Amino acid sequence: MSFDPSVVRKDFPIFETEARGKRLVYLDSANTSQKPRQVLERIQLFYETENANVHRAVYELSEKATAAYEGARAACARFIGSESARSIVFTRGTTESINVIRFTWARENVREGDEVLITEMEHHSNLIPWQLLAGETGATLRHLPIGDDGRLRLDLLEDYITDRTKLVSLSLMSNVLGTINPVRAVADAAHAVGAKVLVDAAQAAPHLSFDVNDLDADFLAYSSHKMCGPTGAGVLYGREELLEEMPPFHGGGEMIREVWADRATWNEIPYKFEAGTPNLAQAVGMGAAVEYLETLGMDAVREHEMELTAYALERLAGIGATIYGSRDLSQRGGVVSFNLDGVHPHDMSTIVDQEGVCIRAGHHCAQPLMRRLGVPATARASFYIYNTTEDVDVLIDAVEKSKGWFA
Amino acid sequence: MVRVSLEDLYKEVILDHYRDPRNKGRLDPHDVLLERNNPLCGDEIELFLKFDDGELEAISFDGKGCSISLASTSMMTEKVKGLSVEQAREVTESIKRMMAGEEDGDPDALGDLVSLKGVVKYPVRIKCALLGWNTLLEGLAEGQEDSA
């Protein structure tokens with residue numbers, strides 16, 4: 001059960017283009033992934049043969065559009081092991097999904113003196129909403145520390161999950177360290193005190209096979225654009241009974257059942273949370289991305305990325321790079337943050353760009369984590385299904401070149 | 001317009017100032033101290049200014065950052081030290097126009113600083129090159145308020 005990345009690469013039209021006149025070496029998929037022809041063509045097909053608004057018109061074309069949109073919802077449910085498509089709310093992406101919880105469930109359930117627990121490795125999208133919530137409610141925001149190996153300090157969990165904890169929100173995979181977090185262990189501790197668990201799966205969904213029931217997640221968020229789908233689509237998964245209890249998020253069309261001049265009742269879930277015309281083509285594209293990844297097989301995706309990550313870690317260590325995060329491949333995904341003595345990551349990124357190599361440089365929307373690591377910034381290479389060992393070789397040569405400039 | 005390759009830009013100008021920054025370190029006493037950062041990359045700068053009778057008598061900086069931001073700031077301190085506040089502001093505005101691609105940069109007025117134009121080709125790095133200069137503009141305004 002494996003695939004040849006150089007064949008997969010041919011599905012992605014972007015690789016027919018060049019970068020600075022050279023072969024495009026795209027190592028920034030943790031930022032956003034490239035899109036295969038299968039997804040692009042599905043979006044085109046929707047606009048050419050199925051385009052109408054969903055759920056509200058009584059003609060064949062609207063039925064086709066609704067079928068396509070709801071088919072994508074079913075695919076997005078299947079992809080994360082959710083038995084019911086009613087648990088799947090389409091959003092604009094992970095950030096919006098997390099903010100839906102902030103403005104609905106959290107406003108009803110988090111009060112002054114309560115605690116929200118996140119971790120030291122969270123992306124700003126799973127930090128800022130909770131800072132804002134804490135400011136509004138008088139709740140306390142706490143951060144579960146990480147160890148020097150880039151893994152969560154589970155030994156401290158007892159001190160951080162208390163009777164006051166109402167919500168634990170953590171990423172399944174870090175966008176900086178690549179660490180795969182033991183979400184189930186955290187969820188068990190959270191549930192023991194009656195807290196709810198929100199999983200940020202933005203980085204995990206494109207790369208790992210997982211199941212919301214095995215994780216015992218109450219809520220889970222993921223984005224289309226990091227997993228071969230278009231921008232502007234994402235998912236908020238919620239346990240049905242929680243979604244039922246929650247107040248609506250945006251008000252408008254589609255999310256209502258009955259409306260009077262001064263009041264209204266709400267549509268059933270998930271539509272209660274989908275006010276206005278959704279990003280239809282994007283959702284359909286996200287469904288196509290799920291199908292594309294299912295065809296490759298998520299276990300094969302993981303296997304490929306473990307091989308590539310092992311090779312990259314070995315080669316980066318070979319040129320004396322400082323690598324952040326665990327070296328244990330079973331505990332990490334294909335996101336590799338590193339630094340080279342004497343070369344600022346911004347300089348490195350500009351110099352390797354001359355060789356057609358796209359890497360990220362900066363704080364990766366995780367400034368508190370950068371402080372914890374004691375660096376202002378890192379360079380980051382992240383791998384996906386279309387990357388090959390040749391890409392890693394080009395990266396290493398280019399990084400060595402940047403070292404040469406500063407020698 | 002002079003074509004400067006990235007490698008030449010780094011090797012001939014940037015690295016000299018990056019390795020051997022001018023006017024680096026605390027300046028005491030000072031009239032103005034500003035701390036600014038580039039949120040994009042986490043680069044940080046502290047800029048110290050001392051004025052004397054409408055002149056920028058002394059200037060120094062501290063901080064961490066990429067070679068372009070540090071070198072540009074180092075070159076800036078060399079250029080504006082001893083200028084009147086008005087002259088320093090003019091040089092800064094001229095650099096900003098050059099980096100915005102609005103003018104070519106006058107080698108007679110700007111000297112070595114015209115080489116920074118090489119950065120214009122790399123739009124994301126323009127912010128790095130201007131971090132020190134934007135901080136200086138604020139500092140000049142603050143210095144004038146204080147003496148007013």
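Calculation rules
- Per chain, residues are indexed from 1 in the order of the written sequence.
- Note on labels: chains are lettered from A, ligands numbered from 1, in written order.
- The predicted nature of this model means local features are confined to residues of pLDDT at least 70 and side-chain atom pairs, given and counted, to a pLDDT of 80 or more, with totals for whole chains, interfaces and linings taken over all residues.
- Paired strands, in this sense, are two strands between which DSSP finds at least two bridges.
- Secondary structure follows DSSP: runs of H or I at least 4 residues long count as helices, runs of E at least 2 residues long count as strands, and numbering of each begins at the N terminus.
- The axes are straight lines fitted to the C-alpha atoms, using for helices just the contacting stretch, and the angles between their N-to-C directions are given from 0 to 180°.
- Any two residues are considered in contact once their C-beta atoms, placed from the backbone, lie within 7 Å.
- A residue's pLDDT is the confidence the predictor assigns to it, expressed on a 0 to 100 scale.
- The exposure scheme places C-beta atoms from the backbone and then counts, for each residue, the other C-beta atoms within 10 Å of its own, assigning buried at 20 or more, exposed at 12 or fewer, and partly exposed in between.
- The reported arc concerns the directions from the helix axis to the C-beta atoms and nothing else.
- For this scheme, ten residues count as nonpolar: Ala, Val, Leu, Ile, Met, Phe, Trp, Tyr, Cys and Pro. Four count as charged, namely Asp, Glu, Lys and Arg, and the remainder, Gly too, count as polar.

**Q** Just to check I follow, could you spell out the sheet that holds strand β14 (residues 335-339) of chain A for this structure?
**A** Strand pairs in the sheet, formed through backbone hydrogen bonds, run parallel or antiparallel to each other. All names here are of chain A. On the basis of which strands lie adjacent, the open sheet formed by four strands has the order β13-β14-β17-β16 and antiparallel pairing. Here the strands that pair on one side only, and so sit at the sheet edges, are β13 (322-324) and β16 (360-362). Sheet twist, expressed as the mean angle between neighbouring strand axes with direction ignored, is 30 degrees. Pairing geometry for β13 and β14, over three bridges, is antiparallel. Residue Y324 lies in a different strand from β14, and its bridge partner there is S337. On the sheet, helix α11 (residues 298-318) packs against β13, β14 and β17 (378-382) and is oriented at approximately 5 degrees with respect to β14.

**Q** Just to check I follow, could you spell out the confidence of the model for chain B for this structure?
**A** Predicted coordinates in areas of low pLDDT are best not read in detail. All names here are of chain B. For chain B, the mean per-residue pLDDT works out to 90, and 95% of the residues sit at or above 70. When the elements of chain B are averaged for pLDDT, helix α1 (residues 6-19) gives the smallest value, 85, and helix α3 (residues 85-99) the largest, 96. Taken over the whole predicted complex, pTM reads 0.93, whereas the ipTM for its chain interfaces reads 0.84.

**Q** So what exactly am I meant to see when it comes to the sheet that holds strand β10 (residues 234-238) of chain A here?
**A** Residues and elements named next belong to chain A. Sheet architecture is open: seven strands sit in the order β4-β10-β9-β8-β7-β5-β6, paired in mixed fashion. Every other strand in the sheet has two partners, leaving β4 (88-91) and β6 (140-144) as the edge strands with one partner each. Each strand axis lies, on average, 20 degrees off the axis of its neighbour in the sheet, ignoring direction. Bridging between strand β8 (residues 196-200) and strand β9 (residues 219-223) involves three bridges; their strand directions are parallel. Looking across to β9, one finds that L198 is bridged to F219. Packed onto the sheet, helix α7 (residues 183-192) meets β7 (165-171) and β8 and runs at close to 175 degrees relative to β7.

**Q** I keep staring at α7(A) and nothing clicks. Help me out?
**A** Because the α-helix completes a turn every 3.6 residues, residues three or four places apart line up on one side. All names here are of chain A. Restricting attention to buried positions, one finds in α7 the residues V183, V186, A187 and A190. All buried residues of α7 lie within an arc of 100 degrees about the axis, which places them on one face of the element. Of the exposed residues in α7, the ones pointing more than 90 degrees away from its buried face are A185 and A192. Looking one or two places after α7, you find G194, whose phi comes out positive at around 85 degrees.

**Q** It is not clear to me how the interface of chain A and chain B should be interpreted in this structure. Could you clarify?
**A** Many descriptions give the size of an interface as the accessible area lost when the pieces come together. The interface of chain A with chain B comprises 13 residues on the first partner and 16 residues on the second. Looking at the side of chain A that touches chain B, the elements with two or more residues in it are α12 (345-353), β16 and α14 (389-406) of chain A. The biggest single contributor to the side of chain A that touches chain B is α12(A), with three residues. The residue inventory of the side of chain A that touches chain B, partitioned by class, reads six nonpolar, six polar and one charged.

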